[in-house]
Structures are given as structure tokens and as C-alpha cells.
Amino acid sequence: MTVEAFFEQIWQQYVQLNPEALKINQLLQASGDTVFNDHVAYRTLNHPKLGIQSLAKMFTPYGYEPKGDYHFEAKKLYAIHLENSLNPKLPKVFISELLTEQLSQELQSTMNTIVDQIPDEKLNHQSICTAGRLWDASFKTYQNLYAESEYAAWFYAYGFCANHFTVNLNSLTAFKEVQDLNAFLQKNGFALNASGGLVKGTPSDFLEQSSTMAYEMSLQFSDGQHKVPSCYYEFAKRYPMKNGLMYQGFVAKSADKIFESTNHRK
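The sections below set out a description of the structure shown in this document. Here the structure is a predicted model, which means the values were calculated and not measured.

The rules we used
- Residues numbered from 1 in each chain as written.
- Predicted model: local features only at pLDDT ≥ 70, side-chain atom pairs only at ≥ 80, totals over all residues.
- Heavy atoms only, no water.
- Helix = DSSP H or I, 4+ residues; strand = E, 2+ residues; numbered from the N terminus.
- Expected span 1.5 Å × (residues − 1).
- Buried < 20%, exposed > 50% of the residue type's maximum accessible area, 1.4 Å probe, protein only.
- Arc of directions from axis to C-beta.
- Contact = heavy atoms within 4.5 Å.
- Axes fitted to C-alpha atoms, helices over the stretch in contact; angles between N-to-C directions.
- Parallel < 35°, antiparallel > 145°, perpendicular 65-115°, else oblique.
- Left-handed = near helix turned anticlockwise from the far one by under 90°.
- Pairing = 2+ DSSP bridges.
- Salt bridge = Lys/Arg side-chain N within 4 Å of Asp/Glu carboxyl O.
- Phe/Tyr/Trp six-rings, centres within 6.5 Å; stacked < 30°, edge-to-face > 60°.
- Lys NZ or Arg CZ within 6 Å of the ring centre and 35° of its normal.

## A few points about helix 2 (residues 19-30)
- Its 12 residues give helix 2 an end-to-end C-alpha distance of 17 Å, which sits within 8% of 16 Å, the value for a rise of 1.5 Å per residue.
- Turning to helix 2, its buried residues are Glu-20, Ala-21, Ile-24, Asn-25 and Leu-28. Looking down the long axis of helix 2, one finds its buried residues gathered within 140 degrees of arc, a one-sided arrangement.
- Turning to helix 2, the residues buried within the fold contact helix 1 (3-17), strand 5 (164-168), helix 8 (178-187) and strand 9 (232-238).
- Positive backbone phi, approximately 100 degrees, marks Gly-32, located one or two places after helix 2.

Right, dumping it as C-alpha cells:
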């Protein structure tokens, strides 16, 4: 499979979970723009069978290499991002993991139980990136996890899928500023993540970001069907550094707030 076909598979699953992203994409195209993806993001656990490398290794055959790492102490997360060494125009990949050993024994036990249900052959195949939830899940357990870690609850509910895609604002012509795009999205009825402000980061950080709040999807659990936040759409504007090169990394203090895009809407 080509890298383009691989990302297309990931995108098609993502818009099933977040149809708002497809609507936004179509609105931007109707404005005369071609939409380029800045990065795609995944969530996982630091379990021995999972962890960041279990997903990263699915991208390395295409020329992806680790370029930066990030710590989120309050949310008990660690993350890396990868870039394509063969084609820098390809989207970056951001993979985070929950540091389960820093959380309660109950949460660790729940996570161990779901990991035990994952077939070993799945973990070594590219299809893991779009495998979704591979375990039994109850809404009651989801609620218990959410009370301790929203991140854990999201992974429990959705499993292996892109958590978000990201519009590269630098490639747009109709919208040059994050604030202008945000106003356009709000005018069209999309809810935005206001945690830490609608725009996260500044030109001095070399990266400005915003995002929608995750689409609330009706999901089937063992104890009934319930609406839970699924995936969101992010928007990123990058700035050149003092050496003239465009900044390609991420800003932890901004990403920390972007993670909250999968919180329940108030």
C-alpha cells in the first residue's frame, strides 16, 4: 500500500467518526482552497504490548522518523512526533500515550483487561491504525474512567483510530489567520475549543493552533447506546524560525489544551 493510500484509509475512518471534519473540508474547498493536512494524531497506552512504538512502527516503512518528544505532567501523558524524511510535504504524525502507572490501580486493571483482548496478530499489522475498539466496553466503565482521565475514557471507547486531522493554515488562501478561520467556523455553527483561549500559541512560539470540540457520536456499549465525544478537527499555522526554516514541531503548553477538545461539551 502506498503512503497516500494508507492516509486515505485513516481519513475515511476518521470522517465516519467526525462528519463535521468533512463538512469543514468541503466548506474550505468551496472557498477555493485545497486543504492540506499538517498532522494526524493517535492515542495509546504505555502498556508493554502497546506504547508509542507499536503505532510508530506502522509509519517508519514509509520514511517516518521521530523528531520531537513532549511531556504533559498534569494529564500524565508522553508524546512524540514523526516527520517523513523522504517527502517533507507528507503530514506529520503525533502519537501520545497514557502513563498508566501514574494512575489508580482500578484504571490500570481496566486497561490491562482490554489490552488482553487484543489479538497479537493485530498489533503487528498496519490495519491496527484503523482497527477501532477491539474489546468489550461498558458505558459505566467509560464514566468511571472519564472521572479520572478523559484520555483513558476516550481510548477505551474508540481504540485505534485517528484522534484528529489538522488543516495546514499556511496552505490556505481564503484564511490567513487562525482568528479569521475560527470566526468563519463559528458563523457556520461549529463549536470550538475555548480552553486556554480559542487560539493556542503565538507567533513567538512559531505555532498557532485551534480546534473544534469533538463530534458527539452515538456509540454502542454493552449496557446501551450513549453519546460520547469522538474526534475533532484541528487548525495549525506555522511560522519561520530565526534560521528561516518553518517550525515543524509542537508546543506542549498549547497541545495540553488541544487535548481537551475531546472533553464533553458543556
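Once the structure has been displayed, the description carries forward.
## Focus: the packing of helix 4 (residues 105-116) against helix 7 (residues 150-158)
- Where helix 4 meets helix 7, the closest approach of the two axes is 11 Å, and the angle between their N-to-C directions is 20 degrees. Of the possible angle classes, the one that applies to helix 4 and helix 7 is roughly parallel. Judged by the sense of rotation from one axis to the other, the crossing of helix 4 with helix 7 is left-handed. Of helix 7, the residues touching helix 4 (which contributes Leu-107, Thr-110, Met-111 and Ile-114) are Ala-152, Phe-155 and Tyr-156.

## Some words on the environment of Gly-132
- Structurally, Gly-132 is set in the loop between helix 5 (120-123) and helix 6 (139-148).
- With a relative accessible area of 10%, Gly-132 lands in the buried category.
- Placed 33 residues apart in sequence, Gly-132 and Phe-165 show a C-alpha to C-alpha distance of 16 Å.
- The residues contacting Gly-132, other than those within four sequence positions of it, are Gln-13, Tyr-158, Gly-159 and Phe-160.

## Some thoughts on the pairing of strand 1 (residues 37-45)
- For strand 1, the buried fraction is high: nine of the nine residues fall into the buried class.
- When strand 1 meets strand 5, the two strands line up antiparallel, connected through three bridges. For Ala-41, the partnering residue across the bridge sits in strand 5 and is His-164.
- Relative to strand 4 (residues 92-98), strand 1 is paired through seven bridges, and the arrangement is parallel. From the neighbouring strand, Arg-43 faces strand 4, where its bridge partner is Ser-96.

## With respect to the sheet that holds strand 9
- Taken in spatial order, the seven strands of this open sheet run 2-3-4-1-5-9-6, and their pairing is mixed. Edge positions in the sheet fall to strand 2 (64-72) and strand 6 (207-211), since each of these pairs with one other strand and no more. Mean inter-strand twist for the sheet, computed between neighbouring axes without regard to direction, equals 25 degrees.
- Of the pairings in the sheet, the one linking strand 2 to strand 3 (residues 77-84) comprises eight bridges and is antiparallel in character. Bridged to Gly-68 within strand 3 is His-81.

## Side note on the pattern of salt bridges
- Enumeration according to the criterion identifies 10 salt bridges in this entry.
- Where Glu-260 meets Lys-75, a salt bridge forms, and the shortest distance between an N and an O atom there is 2.9 Å. Of the two residues, Glu-260 sits in the segment after helix 9 (252-258) while Lys-75 sits in the loop between strand 2 and strand 3, which places them 185 residues apart along the sequence.
- One salt-bridge network, in which partners are shared between bridges, spans Asp-38, Lys-92 and Arg-238.

## A short note on the packing of helix 4 against helix 6
- Their axes nearest at 11 Å, the elements helix 4 and helix 6 cross at an angle of 130 degrees. Regarding the angle of helix 4 to helix 6, the classification is oblique. Considering the relative orientation of helix 4 and helix 6, their crossing is left-handed. Listed contacts from helix 6 to Glu-106, Leu-107, Thr-110 and Met-111 of helix 4 are Thr-141, Asn-144, Leu-145 and Glu-148.

## A look at the environment of Pro-203
- Considering the arrangement of structural elements, one finds Pro-203 in the loop between helix 8 and strand 6.
- Exposure remark for Pro-203: the relative accessible area of 41% places this residue in the partly exposed category.
- C-alpha of Pro-203 to C-alpha of Arg-238: the two residues are 35 residues apart in sequence and 8.0 Å apart in space.

## Description of the packing of aromatic side chains
- Considering all chains together, one arrives at 29 aromatic pairs under this definition.
- Judged by centre distance (5.6 Å) and plane angle (15 degrees), the rings of Phe-139 and Tyr-142 are stacked. A residue pair is termed a helical-turn pair when its members lie 3 or 4 positions apart in one helix, as Phe-139 and Tyr-142 do in helix 6 at three residues.
- Given the relative accessible area of 14%, Phe-139 is considered buried.
- The class for Tyr-142 is buried, based on a relative accessible area of 3%.
- The rings of Phe-6, Phe-7, Tyr-42, Phe-59, Tyr-62 and Tyr-64 are connected pair by pair, giving a single aromatic cluster.
- One Lys or Arg, Arg-133, reaches over the ring of Phe-221 and ends 5.2 Å from the middle of that ring.
- Over the aromatic face of Phe-250 sits the side chain of Arg-238, whose NZ or CZ is 5.1 Å from the ring centroid.

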